[in-house]
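Structure at a glance
One-letter residues, chain by chain:
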Amino acid sequence: MGKDVVSGLKRILGGDKVVDDEHIMRLYAREPSGLEGSVIAVVFPESVEDVSKIVRYAYDREVYLYPQGSSTDLVGGAYPERPGVIVSMERMRRIINVSILDSIVDVEPGVRLWDLNVELAKHGYMFPIDPGSVKVATVGGAINTGAGGMRGARYGTMRDWVLGLTVVLPDRDGTILRLGCRTLKCRQGYDLTRLIVGSEGTLAIVVEATLKITPLPENVVVALAFFPSLDDLVSAVIDIKERGMDTLLMEFMDRDSAMLASKATKSDIVPTGDMLLVGVPVNVEAAERVLGELTGIMRSNGATDVYTARSMAEAEERKLLEIRRNLFTAQALLAFEESQGRKIILFMEDIAVPPSRLPEAVKGIKRLEEKYGLKTVLGGHIGDGNLHPTVGFPADDEEARERALKWYQDVMRLALDLGGTVSAEHGIGTLKKKALEEELERLGSGKALEIMRGIKRVFDPKGILNPGKVV
Ligand code: LAC
Ligand code: ZN
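A brief structural summary. (Residues numbered from 1 in each chain as written. Chains lettered and ligands numbered in written order. Predicted model: local features only at pLDDT ≥ 70, side-chain atom pairs only at ≥ 80, totals over all residues. Heavy atoms only, no water.)

In this section: the side chain of lysine 17. Mapped onto the fold, lysine 17 is located in the loop between α1 (2-13) and β1 (18-19). Not counting chain neighbours up to four residues away, the residues in contact with lysine 17 comprise Val42, Val43, Phe44, Glu46, Asp50 and Arg91. (Helix = DSSP H or I, 4+ residues; strand = E, 2+ residues; numbered from the N terminus. Contact = heavy atoms within 4.5 Å.)

Set out below in structure tokens:
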């Protein structure tokens, strides 16, 4: 079947948009966690019509399709679990229109979030969703993942920023459908736009998006501090919140993880405790005063070293954000050192708990680290209670994989016990399917799963789009 599919796709798209080289296909078959599937071909559509043609072909022959951005979701969301065709959106990367007056931008799905922000910055605007993978993550991937990131406590997730979408449905005609509006307010019956956001490529292929944009803050002050204990760090967070500071960033990493990430990034900053990173938007005149208040709160809660920057540009230049951005890299380094060069798999959790329950969550994660004997790197978005404990193990160690899977499930149960949720921003993919069921059952909402499976059938009657994911 593989050869037929390749020649069929070449016939309808032209040879230059279809790749079936083994080595290249392997690159598209895996995600950074180390999960890997198998690929028949990778196709690179260049237009909406190309996508529609691909879908019509796949519908006819019942070929599985995997729409893909940069595949950095970390829960097995975009990799081809069953053999199929990767639909890479990387050639559809035009910023079609920026309208400051309407506060919107129209983009193709392959535009990288970073590049979008470089363009918007020229107008004094930004698109605020800022996942750890922001330098490679694409708009289409972020829409399908429902991505969040470091500014989540203030700006929420993708759900809050997508106004309209053009999608291609996986039906006989490869129907092209426009959903949502180009205005900030929009009531179009049931909200199909937001149904697609976070649907992980299981309902439709996003081919264009209308996103809301917002002015860049005039200025942001940043402080990075190290605390003798997580309890001290949390009490600094409480004080910052009680002072009514409207933070843009509120991020943390535990001591060992910060040290590893500092080493991995060859940072000049040597962590001396549990790390808190805070950014507060203020106008230039108030920068000094607010920075003084912020460092005052940190020091009065026991912070030893405090690094500060009067602007985001200075913070980037002095690499105050780099340690936190490299949480995942830190675990990769740790697992790699311990595995003596073997291929490793990383499981990064993505639970959220109400921030008031964070101390209990952190203690619970430490307990599970001991219970399973898995060295855990811990950090996340402390402002919105989204935690990313991460473990790694050699890919060929079955026993360690079993243990890590049990650990993974237990971390999610801990979140549910504390009134939280199993996935905040990375999605369900393959790794969190069971946990999603558990979450809904605990809420007495088992029926919601039936509704979701029904929705999947309505959009994708033959089940060809990213099969086996989410529900
Ligand atoms: C982070 C990404 C991985 O917060 O969610 O680092
Ligand atoms: Zn995150």
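It is worth spelling out the pattern of salt bridges at this point. In total, this model carries 38 salt bridges according to the counting rule given. Notably, a salt bridge pairs lysine 10 with aspartate 20, separated by 3.9 Å at the nearest N-O pair. Here lysine 10, found in helix α1, pairs with aspartate 20, found in the loop between β1 and α2 (22-29); they are 10 residues apart in sequence, far enough to count as distant. Salt bridges sharing common partners tie together Lys371, Asp410, Arg413, Asp417, Glu438 and Arg442. (Salt bridge = Lys/Arg side-chain N within 4 Å of Asp/Glu carboxyl O.)

The next subject is the environment of arginine 159. With respect to the helices and strands, the residue arginine 159 is situated in the loop between α6 (152-155) and β8 (162-168). Separated by 34 residues in sequence, arginine 159 and threonine 193 place their C-alpha atoms 9.0 Å apart.

Turning our eyes to something else, we now look at the state of the cysteines. Simply put, the disulfide is a covalent bond whose two ends are the sulfur atoms of two cysteines. Counted by the stated rule, this structure contains 1 disulfide. Put simply, cysteine 181 and cysteine 186 are joined by a disulfide, and their sulfur atoms are 2.0 Å apart. Residues cysteine 181 and cysteine 186 share a disulfide whose torsion about the S-S bond is about 60°; that sign makes it right-handed. Relative accessible area serves as the criterion here: at 16%, cysteine 181 is assigned to the buried category. Using a relative accessible area of 32% as the deciding quantity, one classes cysteine 186 as partly exposed. (Disulfide = S-S within 2.5 Å. Buried < 20%, exposed > 50% of the residue type's maximum accessible area, 1.4 Å probe, protein only.)

Contacts to ligand 1 come from Gly132, Arg324, Met348, His381, His388, Glu425 and His426. Taking arginine 324, its side chain carries an N or O atom lying 2.7 Å from an oxygen atom of ligand 1. The contact in question runs from an oxygen atom of ligand 1 to an N or O atom on the side chain of histidine 426, over 2.7 Å. In isolation ligand 1 offers 210 Å² of accessible surface; the protein chains occlude 90% of this area. The cavity that encloses ligand 1 is the largest pocket. Residues that form the shell around ligand 1 fall into these classes: 1 nonpolar, 4 polar and 2 charged. (Near = heavy atom within 4 Å. Polar contact = N/O pair within 3.5 Å; in protein donor to acceptor, adjacent residues only side chain to side chain. Areas by Shrake-Rupley, 256 points an atom, 1.4 Å probe, with all protein chains shown as cover. 1 Å grid on protein atoms, 1.4 Å probe; cavity = no way out; pocket = protein on both sides within 12 Å on 5 of 7 lines; lining within 4 Å. Sits in = over half its atoms within 2 Å of the grid points. Nonpolar A, V, L, I, M, F, W, Y, C, P; charged D, E, K, R; others polar.)

Summarising burial for strand β12 (residues 220-227): 8 of the 8 residues are buried, a large majority. On β12, burial covers both faces: Val220, Val222, Leu224 and Phe226 on one face and Val221, Ala223, Ala225 and Phe227 on the other are all buried. Across 4 bridges, β12 lies against strand β15 (residues 306-309) in antiparallel orientation. If you follow alanine 225 over to β15, its bridge partner there is valine 306. (Pairing = 2+ DSSP bridges.)

Let's shift gears to the sheet that holds strand β6 (residues 104-107). Strand order in the open sheet made by the 5 strands is β5-β6-β10-β8-β9, with antiparallel pairing throughout. Each edge of the open sheet is held by one strand with a lone partner, namely β5 (95-99) and β9 (176-180). Averaged over all adjacent pairs, the angle separating strand axes in this sheet is 15°, with direction ignored. As paired elements, β8 and strand β10 (residues 205-212) share 6 bridges and run antiparallel to each other. (Axes fitted to C-alpha atoms, helices over the stretch in contact; angles between N-to-C directions.)

Turning next to the layout of surface pockets. Reported here for the largest pocket is a volume of approximately 920 Å³. If you go around the largest pocket, you meet 50 residues; those closest to its centre are Thr72, Asp73, Pro131, Ser133 and Ala137. If you list the elements that add at least two residues to the lining of the largest pocket, you get β3 (65-68), α5 (139-145), β10, α12 (322-325) and α13 (327-339). With 5 residues, α5 is the single largest residue contributor to the lining of the largest pocket. (Points joined across faces, edges and corners; volume = space filled by probe spheres on them.)

Within the fold, asparagine 219 resides in the loop between β11 (214-215) and β12. One polar contact links the side chain of asparagine 219 to the main-chain carbonyl oxygen of arginine 310, over a distance of 3.0 Å.

With that settled, consider the packing of aromatic side chains. Per the counting criterion, the structure on display carries 6 aromatic pairs. Here tyrosine 28 and phenylalanine 44 contribute two aromatic rings whose centre-to-centre distance is 5.8 Å and whose plane-to-plane angle is 80°, an arrangement assigned as edge-to-face. Taken together, the residues tyrosine 28 in helix α2 and phenylalanine 44 in the loop between β2 (39-43) and α3 (48-61) connect sequence positions 16 residues apart. This pair shows no difference in class: tyrosine 28 is buried, exactly as phenylalanine 44 is. Ring centres of phenylalanine 347 and tyrosine 408 lie 5.4 Å apart, and the angle between their planes is 50°; this geometry places the pair in the tilted category. Of the two residues, phenylalanine 347 is situated in strand β16 (residues 344-348) and tyrosine 408 in helix α15 (residues 398-417); the sequence distance between them amounts to 61 residues. Here phenylalanine 347 and tyrosine 408 have matching classes, each one buried. (Phe/Tyr/Trp six-rings, centres within 6.5 Å; stacked < 30°, edge-to-face > 60°.)

Moving on: the sheet that holds β2. Strand pairs in the sheet, formed through backbone hydrogen bonds, run parallel or antiparallel to each other. The sheet built from 4 strands is open, its strands ordered β1-β2-β4-β3 with mixed pairing. Sheet topology places β1 and β3 at the edges, where each strand pairs with a single neighbour. Pairing of β1 with β2, which is carried by 2 bridges, proceeds in the antiparallel orientation. By the bridge assignment for β2, valine 18 is matched with valine 43. Along the sheet, α2 makes contact with β1, β2, β3 and β4 (84-88), crossing β2 at roughly 85°.

Let us now look at the pairing of strand β13 (residues 249-253). For β13, a buried count of 5 out of 5 residues is recorded, marking the element as mostly surrounded by other parts of the structure. Of the two faces of β13, both are covered, the one formed by Leu249, Glu251 and Met253 as well as the one formed by Met250 and Phe252. Sheet topology note: the β13/strand β14 (residues 274-281) ladder contains 5 bridges and is antiparallel. Looking at the pairing, glutamate 251 lines up with leucine 277 of β14. As judged from the 2 bridges shared by β13 and strand β18 (residues 379-381), these two strands associate in the antiparallel manner. When the sheet's bridge partners are listed, phenylalanine 252 is paired in β18 with glycine 380.

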